[in-house]
Amino acid sequence: MLSYDNIYWLILSAAFVFPLVIGILIMVKTKKMLVSFLVSLVVNLAITVPACIWWASLFEGFSRMFGLFGFGVTFGNTEVLLLFALFIMRKKTINPETVQ
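All figures in this text were calculated on a predicted structure; none of them were measured in a lab. As a convention, each chain's residues are numbered from 1 in the sequence order in which they are written. Local features in this predicted model are restricted to residues whose pLDDT is 70 or higher, and side-chain atom pairs enter the listing and the counts only when it is 80 or higher, whereas totals over whole chains, interfaces and linings include all residues. With hydrogens and water excluded, all non-hydrogen atoms of the structure serve as input to the side-chain values.

(A) How the structure looks around the overall build of the chain. Only DSSP runs of H or I covering at least 4 residues are called helices, and only runs of E covering at least 2 are called strands; the numbering of each starts at the N terminus. Helices and strands together make up the secondary structure of the chain, namely three helices and zero strands. Over its C-alpha trace the chain gives a radius of gyration of 16 Å, far above what one expects of a compact globule, namely 13 Å for 100 residues. Taken over the C-alpha atoms alone, the chain extends approximately 55 × 20 × 20 Å along its principal axes. Under the scheme applied here, a residue whose accessible area is under 20% of the maximum for its type counts as buried, over 50% as exposed, and between as partly exposed, the area being computed with a 1.4 Å probe on protein chains only. A burial count over the chain gives 26% of its 100 residues as buried. Throughout, a residue-residue contact means that at least one pair of heavy atoms, one from each residue, lies within 4.5 Å. Excluding contacts between residues fewer than 6 apart, the proportion of contacts in the chain whose partners are at least 24 apart in sequence is 74%. Looking at the chain as shown, the accessible area adds up to about 6800 Å², and 74% of this sits on carbon and sulfur atoms. Under the convention used here, Asp and Glu are negative, Lys and Arg are positive, and both His and the chain ends fall outside the count. A charged residue contributes its charge at one atom only: NZ of Lys, CZ of Arg, CG of Asp or CD of Glu. For the chain, the distance from the average position of its 7 positive side-chain charges to the average position of its 4 negative side-chain charges is 17 Å. With the radius of gyration taken over C-alpha atoms, the globule rule is written as 2.2 Å times the number of residues to the power 0.38. Only the protein chains shown count as cover for residues, with accessible areas throughout obtained via the Shrake-Rupley method and a probe of 1.4 Å.

Encoded structure:
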């Protein structure tokens, strides 16, 4: 049986990996940065918002704040990393002759 801590880290991992993979796959397939970023954002929100509601319903005080802070940091880091990855992919698809 999984503890709350294990479930928390499993959700954090999913909230980090799934939006990145989905965003990159959409960018590879469509070559549209905005579409891939927005779909990834929706996937990230679909994972993070229910997880935050779940965590806030379990704990009070410092444990609640610490857990919600972790979800927020993961959300922000995922979106920033995806944005950088998409910019790099966009640049390489626009200027393929500059790739060495």
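(B) Up close: the nonpolar core. The set of buried Ala, Val, Leu, Ile, Met, Phe, Trp, Tyr and Cys residues whose side-chain atoms join them within 4.5 Å is what this entry labels a nonpolar core. Of all hydrophobic cores here, the largest spans six residues; its members are Leu20, Met27, Met33, Phe37, Leu82 and Leu86. If you list the elements that add at least two residues to this core, you get α1 (4-30), α2 (33-58) and α3 (62-94). Beyond its immediate sequence surroundings of up to four residues, Leu86 is in contact with Gly23, Met27, Met33, Ser36 and Phe37. The next biggest cluster of nonpolar side chains, apart from the first, holds five residues, and it includes Tyr8, Leu12, Ala51 and Phe71.

(C) Region of the structure containing the environment of Lys31. The topology assignment puts Lys31 in the loop between α1 and α2. Here the alpha-carbon distance between Lys31 and Thr74, two residues 43 residues apart in the chain, equals 26 Å. Contacts of Lys31, omitting those with residues within four sequence positions, involve Ile26 and Thr93. Polar contacts, as counted here, are pairs of nitrogen or oxygen atoms within 3.5 Å of one another; within protein the pair requires one atom able to donate a hydrogen and one able to accept it, and residues that are adjacent in sequence qualify only if both atoms are side-chain atoms. A polar contact of 3.1 Å, which involves the side chain of Lys31, links it to the backbone oxygen of Val28.

(D) Summary view of a nonpolar patch on the surface. Residues forming no salt bridge and having over 30% relative accessible area are the ones grouped into patches, like charges within 9 Å of each other and nonpolar side chains (Val, Leu, Ile, Met, Phe, Trp, Tyr) within 5 Å. Criterion for a salt bridge: a side-chain nitrogen of Lys or Arg within 4 Å of a carboxyl oxygen of Asp or Glu. A cluster of nonpolar side chains, Phe16, Val17, Phe18, Val21, Leu25 and Leu81, forms an exposed patch at the surface whose accessible area comes to about 520 Å². If one sorts the elements of the nonpolar patch by residue count, α1 sits on top with five residues. Relative to the assigned elements, Val21 resides in helix α1.

(E) Seen up close, the packing of α1 against α2. Remark: α1 packs on α2, axes separated minimally by 7 Å, with the N-to-C direction vectors making an angle of 170°. By the angle class used here, α1 and α2 are roughly antiparallel. Taken together, the residues of the contact of α1 with α2 sort by class into 21 nonpolar, five polar and one charged. Here an axis means a line fitted to C-alpha atoms, over the contact stretch when the element is a helix, while the angle between two N-to-C directions is reported on a 0 to 180 degree scale. Each angle is binned into one of four classes, with values under 35 degrees roughly parallel, values over 145 roughly antiparallel, values of 65 to 115 roughly perpendicular, and all other values oblique. When residues are sorted by character, Ala, Val, Leu, Ile, Met, Phe, Trp, Tyr, Cys and Pro go into the nonpolar class, Asp, Glu, Lys and Arg into the charged class, and all the rest, Gly among them, into the polar class.

(F) Representation of α1. Expected span, for any helix, means 1.5 Å times one less than how many residues it has. Between its first and last C-alpha, α1 extends 38 Å over 27 residues, near the 39 Å set by a 1.5 Å rise per residue. Regarding α1, the residues found buried are Tyr8, Leu12, Ala15, Pro19, Leu20, Gly23, Ile26 and Met27. Among the residues trailing α1, Lys31 stands out with phi positive, at a value near 60°.

(G) The arrangement of the packing of aromatic side chains in detail. Only centres within 6.5 Å qualify two rings of Phe, Tyr or Trp (six-membered ring in Trp) as a pair; their planes then separate them into stacked at under 30 degrees, edge-to-face at over 60, and tilted for everything else. In the structure shown here, the tally under the stated rule is eight aromatic pairs. Three or more aromatic residues joined by ring pairs form one cluster here, namely Tyr4, Tyr8, Trp9, Trp54, Trp55, Phe59 and Phe71.

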